[in-house]
Amino acid sequence: MSPQESIAHYRVVSKLGEGGMGAVYRATDTKLHREVAIKVLPEAFAADPDRMARFTREAQVLASLNHPNIAAIYGVEERALVLELVEGVEPAGPLPEAEALPIIQQFIDALEYAHERGVIHRDLKPANLKLTPDGRLKVLDFGLAKAFSGDLATSDPASSPTLTMRATMAGVIMGTAAYMAPEQARGHNVDKRADIWSFGVVVYELLTGKQLFAGETVTDILASVLREEPVFSQVPPRFHRLLRLCLTRDPHRRLRDISGARLLLDEPLPTAPPTPRRSWLPWVVAGLCALAAAAATTAWLTRGPAESGAGLVQFLIPLPSGTSLPTSAAATQWVPSPDGRSIAIVAETDGSTAIWVRSLGDTAVRRLDKTEGGELPFWSPDGKFLAFFTDSHLKRVELSSGGIQTICSFPAENAVSLGDGGAWNSEGTIVFSAGRRSGLLRVPAVGGAPEPATKLADGEIAHSWPQFLPDGHHVIYLARASEAANNTTYVQDLGSAKRVQVIKNNVRTIWAAPGYLLFTREGVLFAQPFNLNSFHLEGKPSALQEDVVSNANNGRSTVAVSQNGVLVYRNGRRTGDRQLSWRDRAGKVLALIGGPGPFLSISLSPDEKSLAMVGAGASAGDDAFIMDIATGVLSPLTHDGKLSILAPVWSPDSKRIAVTSATSRLLQIDVASGKTIAEGKSVCSVQDWTPDGNSILCTSDTAGSTRAFLLPLAGESPGQTILNSPYNATYFRSSPDGKYVAYSSFESGKPEIVVAAVSPSAAKRRISTAGGRFPIWARNTNKLYYRELDGMLVKVEVRTGSNIEAGLPKPLFSFGGGSTGNRFAVSADGQRFVVSEFTRKAEIDRPEISVMLNWTAALRK
């Protein structure tokens, strides 16, 4: 087009440029007397009525975006798109940190606004950014990549326009080669995480002035995107973690929401760990220098620490591709083999765990077949077998053949069916923990019936995390007390009842050659000399590393060590904070409730004015809290940290709550005064308050079976049994009429939702089709809600009468937050939901595993 030509009431002034999506002209809006940009679409595009109609529909959606950092779309005219005219320059690096930060923050604001409205850019690059004279960043062409269709070409491979604009077709590449996410490059469907990758690439370029992925042809650039690992040595340290999380090739492990980038930029820079004596070598970051780490490991393993002269070597290794951290990520789920050459890793996929083995000498990793549901692995002394727990079974797998054998079953004495660790000595004996209310058990590694190995003392609730000392007869273990502050580590000969107290510590200790105990306190990993003759600690503890993940409530630690000095652990400062919000049936946030906090389980009062919850209190354990929904004010009800993580349950009049103490006793608490008004005498895990207000629905677990019963609040009755299940059954909820219960049962080998009659008819029916936890009835309806194993909240209509009938589960929305404790509540009419979800700060903790080679070098002056 030439100057003075017109499109509708827009008069062309001059040509601004041309690209794969058409030529752009400066024009005057003769009606509103303003300057605009006119993008004239290619003739082939405009001549296709179907494509033009699709484009018009998309443009109408994009025109609804109204944000100061997004260039506006004014309308569509004939074969032209009318856009806001943005005067300015394309931001270019290298920029000093102080200049880059406000640009990046505006970039985040624009993406966050659009993503919240379901709009993805799909073609972020510096050419689509403008910096106005007053310093405002404008993102251009927002969402237009989806609006376009058709194959266009360009002679510049570094800034090739959208290679094809068919955004809704899987298997077709869409995006700009140098900035597209790997899943785009492979032709997969994309979501907002593709924008987050491109955001990271653009930020890198702004900070360094260099293009991250380059090549002579589009093919070369795509190969670089798919294979080359980014190196951030030229980027200011403030941005390292942000870019690493944005530029993770697996979208499942990438930063999920761009709002998390803002929190990352606000985080203080990391400081050195608290010991002046050690000399740290640079971290070999996983994914950036994987081959270098493998080479260093190979040299260390083949020559030994003394010959290699490498001193302390540290690096990160990622979880296997397509997996995520298991729910119990604060436990020892990654264990090096005795010779330090391999590491067993528990990782989760689609809600189910499995065990993988990775060689530390290279990047090879393989999934062990038939280890689904497996957790807490430990090695045989010769490194040929791995033992692991699944449900109430202890199994082993032979590494060479992949053969699986069940070593034994063991009684789950409480609702937690997994034990707390095991150990295997050279004589073929395994000792392991069977959970609460049990000492250690012993069993031959070839299989057999487990026998008691240790006996609980008064005040102890479990013996956990055993480890054989070098003589193969003495075992060091953690004796857990009803109060975590009294947890104590002992050494005991398996042939004797006599034991030696070693240390009082909330979290387990680990013996490590040549003669140390490793333990964590307040997230700091310490090493202290340990005398194998007297079983006493000597000297003073030395700090090795900060921010080591552990769990003081159950004594778990992420630390494990090989016989030759390979130490692994998870590193990350876990805030545990979750944000409460009201959601509609589509998952849209209607309103936030209060501020973030360490909330483990939630329960909505019948009058829907308050939330009861269990969370981390001022003490070392868990306490009960009440939150006023209207004001967000949080008030503690208990202060001693002696509650279980089961959700509090409300009386029908919203005046009392019932909770389970850490010793599995029923507590009734008056909400107004905060006083405990009754305490039960028998073992009872509180599940629900019956609709008539006269009884508490409870469970108890004995010898691997679950008893569900109604405990009257008046009198001394032991309760009316309504169900005896030989399987682990949890999270019981009364139906609105009190005649049925819904619960989660492991009868099929994984948790499934079942509805059963309270009456002696014993009628029951499985409701879920893809696993389920945490059933909740909407009080005024016949609808039941629960979470599938992948986090999806679903609804199912249940009709009760002479038979139990159910419709098909209907997915509503998915949300994060873990699989321990109730994470949602439902309104009486089933139209709104209270959801507890991790805040962004909690979600961005490192998913990698930290590795130290020759860790004792950190103790040298």
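Treat the numbers as computed from the prediction; the structure is a model and nothing was measured.

Explain the overall build of the chain here, please?
Helix and strand counts for the chain come out as 11 helices and 60 strands. Considering the chain as a whole, with its 861 residues, one finds that 56% of them fall into the buried category. Residue pairs at least 24 apart in sequence account for 49% of intrachain contacts in the chain once pairs closer than 6 positions are excluded. Accessible area of the chain: about 34,800 Å², with a carbon and sulfur share of 50%.

Just to check I follow, could you spell out the sheet that holds strand 12 (residues 352-359) for this structure?
With antiparallel pairing, the 4 strands of this open sheet are ordered in space as 10-11-12-13. The outermost strands of the open sheet, each flanked by one partner alone, are strand 10 (334-336) and strand 13 (365-367). Neighbour to neighbour, the strand axes of the sheet diverge by 25° on average, direction disregarded.

Looking at this model, I keep getting lost on the state of the cysteines. Mind explaining?
Think of a disulfide as a covalent bridge from one cysteine sulfur atom to another cysteine sulfur atom. Considering all chains together, one arrives at 1 disulfide under this definition. Paired through a disulfide, C684 and C698 show a sulfur-sulfur distance of 2.2 Å. Looking along the S-S bond of the C684-C698 disulfide, the torsion reads about -70°, which is the left-handed sense. Highlighted residues: C684 in the loop between strand 44 (676-679) and strand 45 (685-689) and C698 in strand 46 (residues 695-702), separated in sequence by 14 residues. Accessibility expressed as a relative area gives 0% for C684, which makes it buried.

Where do I start with the packing of aromatic side chains in this structure?
How two aromatic rings sit relative to each other is set out by the distance from centre to centre and by the angle between their planes. Scanning the model with the defined rule gives 12 aromatic pairs in all. Note on Y516 and W855: the rings are 5.5 Å apart at their centroids and 75° apart in plane angle, and the pair reads as edge-to-face. With Y516 in strand 27 (residues 516-521) and W855 in the segment after strand 60 (849-853), this pair connects stretches of sequence that are 339 residues apart. Sitting over the face of the ring of Y74, R34 holds its NZ or CZ atom 3.8 Å from the ring centroid. When the ring centre of F385 is taken as reference, the NZ or CZ atom of R396 above it lies at 4.4 Å.

Teacher, can you tell me more about the confidence of the model for the chain here?
Note that predicted coordinates carrying low pLDDT should not be read in detail. With 80% of its residues at a pLDDT of 70 or more, the chain has an overall mean of 80. Residue range residues 270-289 is modelled with pLDDT below 50. Its contacts to residues more than four positions away, or to other chains, number 50 contacts. When the criterion is pLDDT under 50, residues 840-845 qualifies, and its contacts beyond four places in sequence or with other chains add up to 24 contacts.

Help me understand the nonpolar core in this model?
Nonpolar side chains in soluble globular proteins generally cluster together in the buried interior. Residues F107, F199 and F239 are the most contacted members of the largest nonpolar core, which totals 66 residues. With residues near it in sequence (within four places) discarded, F239 still touches E97, L101, I104, L207 and L265. One finds I345, I355, L360 and V566 within the second-largest nonpolar core, a separate group that totals 25 residues.

Explain the sheet that holds strand 42 (residues 656-660) here, please?
Two strands in a sheet stick together by hydrogen bonds in their backbones, pointing the same way (parallel) or opposite ways (antiparallel). Pairing within the open sheet is antiparallel, and its 4 strands lie in the order 41-42-43-44. With partners counted over all chains shown, the strands left at the sheet margins are strand 41 (649-650) and strand 44, one partner each. Where strand 43 (residues 666-670) and strand 44 come together, 3 bridges link them in antiparallel fashion. Note that in strand 44 the partner of I669 across the bridge is T676.

Is there a simple way to think about the environment of E375 in this case?
Within the secondary structure layout, E375 lies in strand 14 (residues 375-379). Separated by 2.6 Å, the side chains of E375 and Q333 make a polar contact.

Help me understand the pairing of strand 14, please; the structure alone is not making it clear to me.
Looking along a regular strand, one sees side chains alternate from face to face of the sheet. The element strand 14 is extensively covered by neighbouring structure, given that 5 of its 5 residues are classed as buried. Sheet topology note: the strand 14/strand 15 (residues 385-390) ladder contains 3 bridges and is antiparallel. In the sheet register, F378 faces strand 15, and the bridge partner there is A387. Once strand 14 ends, the chain turns through 5 residues before running back antiparallel as strand 15, passing G383 with a positive phi of about 75°.

Definitions and limits used
Residues numbered from 1 in each chain as written. Predicted model: local features only at pLDDT ≥ 70, side-chain atom pairs only at ≥ 80, totals over all residues. Heavy atoms only, no water. Helix = DSSP H or I, 4+ residues; strand = E, 2+ residues; numbered from the N terminus. Buried < 20%, exposed > 50% of the residue type's maximum accessible area, 1.4 Å probe, protein only. Contact = heavy atoms within 4.5 Å. Areas by Shrake-Rupley, 256 points an atom, 1.4 Å probe, with all protein chains shown as cover. Pairing = 2+ DSSP bridges. Axes fitted to C-alpha atoms, helices over the stretch in contact; angles between N-to-C directions. Disulfide = S-S within 2.5 Å. Phe/Tyr/Trp six-rings, centres within 6.5 Å; stacked < 30°, edge-to-face > 60°. Lys NZ or Arg CZ within 6 Å of the ring centre and 35° of its normal. pLDDT = per-residue confidence, 0-100. Core = buried A, V, L, I, M, F, W, Y, C linked by side-chain atoms within 4.5 Å. Polar contact = N/O pair within 3.5 Å; in protein donor to acceptor, adjacent residues only side chain to side chain.

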